Amino acid sequence: MTREERIIQLEETLRMMEYEEALLTCVRRTSVASHPFQKLEERMKDGEVYLEADVFASDKICVKQLRTENVIEELISLHEQHPMEQLGIKLPLRFAKLGGNVLRGGDGVEESLCRSTTLYPCYDKCVDGYVCLPDVLCLRDGNGNLLKDDERFFIHVIIEYGKEEEGQDAKILLFE
């Protein structure tokens, strides 16, 4: 997908959220429910990496490394494998602007999520530490095609502010 096509896709997604009441409600719900927190720890157990944070109801949050460049396809694949489990993604914030380079057609993980989900309009809290944005709705597949209503699903997005070091990559989360 070209830079121009990525920009057009973002504009279409944002326009959908303006005019579809269900999507607007979803964005409002995520924005209202978003909350900052300070402590998030990774722990090894039985060869798996788990997150511990007191802001989640789930006892176990399994951390999965991204296997491909296409975060949306990975989320869809995991959703199909674990339809009853809540999925999420942990994003280190790398740019001074929320959403990274999405407005300029960037093609990173954060930009892909902003184009393919209801995440972008929910960015409104910039804190030192973490912010959880619950129930972000996945609207598109990895190729940018709109998902049918019954194929859409929710994810939690954890933004990790102030992490700009090399090697701080996005991670998929499976709430067990």
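It should be noted that the structure appears before, not after, this text.
Predicted model only: the values in this text are computed from it and were never measured.

Enquirer: Summarise the environment of E80; cite the residues concerned and give the values.
Expert: Structurally, E80 is set in helix α3 (residues 71-81). It is 9.6 Å that separates the C-alpha atoms of E80 and E151, two residues lying 71 residues apart in sequence.

Enquirer: Which residues make up the pattern of salt bridges, and what values go with them?
Expert: Tallying each qualifying case throughout the model produces seven salt bridges. One salt bridge in this structure joins R140 and E12, with 3.5 Å as the shortest N-O distance. Here E12 lies in helix α1 (residues 3-19) and R140 lies in the loop between β6 (130-138) and β7 (153-160), a separation of 128 residues in the sequence. What makes R140 buried here is its relative accessible area of 3%. Residue classification places E12 among the partly exposed residues on the basis of a relative accessible area of 36%. In this structure, D135 engages R29 in a salt bridge whose closest nitrogen and oxygen atoms are separated by 4.0 Å.

Enquirer: Quick rundown of the layout of surface pockets? Include the residues and the values.
Expert: Reported here for the second largest pocket is a volume of approximately 240 Å³. Along the wall of the second largest pocket there are 17 residues; nearest its centre are N70, D107, S112, R115 and G142. Of all the secondary structure elements, the ones that give two or more residues to the lining of the second largest pocket are α1, α3 and α4 (109-116). The dominant element in the lining of the second largest pocket, judged by the number of residues it contributes, is α4, at four residues. When grouped by side-chain class, the residues that make up the lining of the second largest pocket number four nonpolar, eight polar and five charged.

Enquirer: If you had to explain the packing of aromatic side chains to someone new, which residues and values would you point to?
Expert: In the structure shown here, the tally under the stated rule is one aromatic pair. Look at F37 and Y130: their rings are 5.3 Å apart centre to centre, the planes differ by 15°, and that puts the pair in the stacked class. One end of the pair, F37, is in strand β1 (residues 35-37); the other, Y130, is in strand β6, with 93 residues separating them in the sequence. For the pair F37 and Y130, a shared accessibility class is recorded, and that class is buried.

Enquirer: Tell me about the nonpolar core, and name the residues and values.
Expert: Core analysis: the biggest nonpolar cluster contains 38 residues, and L113, L119, I155 and V157 have the highest contact counts within it. Taken together, the elements giving at least two residues each to this core come down to α1, α2 (21-33), α3, β5 (86-92), α4, β6, β7 and β8 (171-175). If we skip the residues at most four places from it in the chain, V157 touches I89, L91, L119, V131, C132, L133 and V136.

Enquirer: So, the pairing of strand β4 (residues 61-65): which residues are in play, and what are the values?
Expert: Sheet faces and side chains relate simply in a regular strand, where the side chains alternate between the two faces. Summarising the sheet, strand β3 (residues 48-52) and β4 pair through three bridges and their orientation is antiparallel. Across the sheet, the residue bridging to Y50 is C62, located in β4. Here β4 runs beside β8; their pairing, made up of five bridges, is antiparallel. Residue pairing in the sheet places I61 in a bridge with F175 of β8.

Enquirer: Describe the environment of I158, and please don't skip the residues or the numbers.
Expert: Structurally, I158 is set in strand β7. The class for I158 is buried, based on a relative accessible area of 0%. In this structure the C-alpha to C-alpha distance between I158 and P92, which are 66 residues apart in sequence, comes to 8.5 Å.

Enquirer: Quick one: what's the story with the sheet that holds strand β2 (residues 41-45), residue by residue and with numbers?
Expert: The eight strands lie next to each other as β1-β6-β7-β5-β8-β4-β3-β2, forming an open sheet whose pairing is mixed. Either end of the sheet is taken by a strand with one partner, and the two such strands are β1 and β2. Strand-to-strand twist across the sheet, computed as the mean angle between neighbouring axes with direction ignored, equals 35°. When β5 meets β8, the two strands line up antiparallel, connected through five bridges. Its bridge partner being in β8, L87 is matched across the sheet by L174. Packed on one face of the sheet, α2 meets β1, β6 and β7 and runs near 165° to β6.

Rules of the game
- Residues numbered from 1 in each chain as written.
- Predicted model: local features only at pLDDT ≥ 70, side-chain atom pairs only at ≥ 80, totals over all residues.
- Heavy atoms only, no water.
- Helix = DSSP H or I, 4+ residues; strand = E, 2+ residues; numbered from the N terminus.
- Salt bridge = Lys/Arg side-chain N within 4 Å of Asp/Glu carboxyl O.
- Buried < 20%, exposed > 50% of the residue type's maximum accessible area, 1.4 Å probe, protein only.
- 1 Å grid on protein atoms, 1.4 Å probe; cavity = no way out; pocket = protein on both sides within 12 Å on 5 of 7 lines; lining within 4 Å.
- Points joined across faces, edges and corners; volume = space filled by probe spheres on them.
- Nonpolar A, V, L, I, M, F, W, Y, C, P; charged D, E, K, R; others polar.
- Phe/Tyr/Trp six-rings, centres within 6.5 Å; stacked < 30°, edge-to-face > 60°.
- Core = buried A, V, L, I, M, F, W, Y, C linked by side-chain atoms within 4.5 Å.
- Contact = heavy atoms within 4.5 Å.
- Pairing = 2+ DSSP bridges.
- Axes fitted to C-alpha atoms, helices over the stretch in contact; angles between N-to-C directions.

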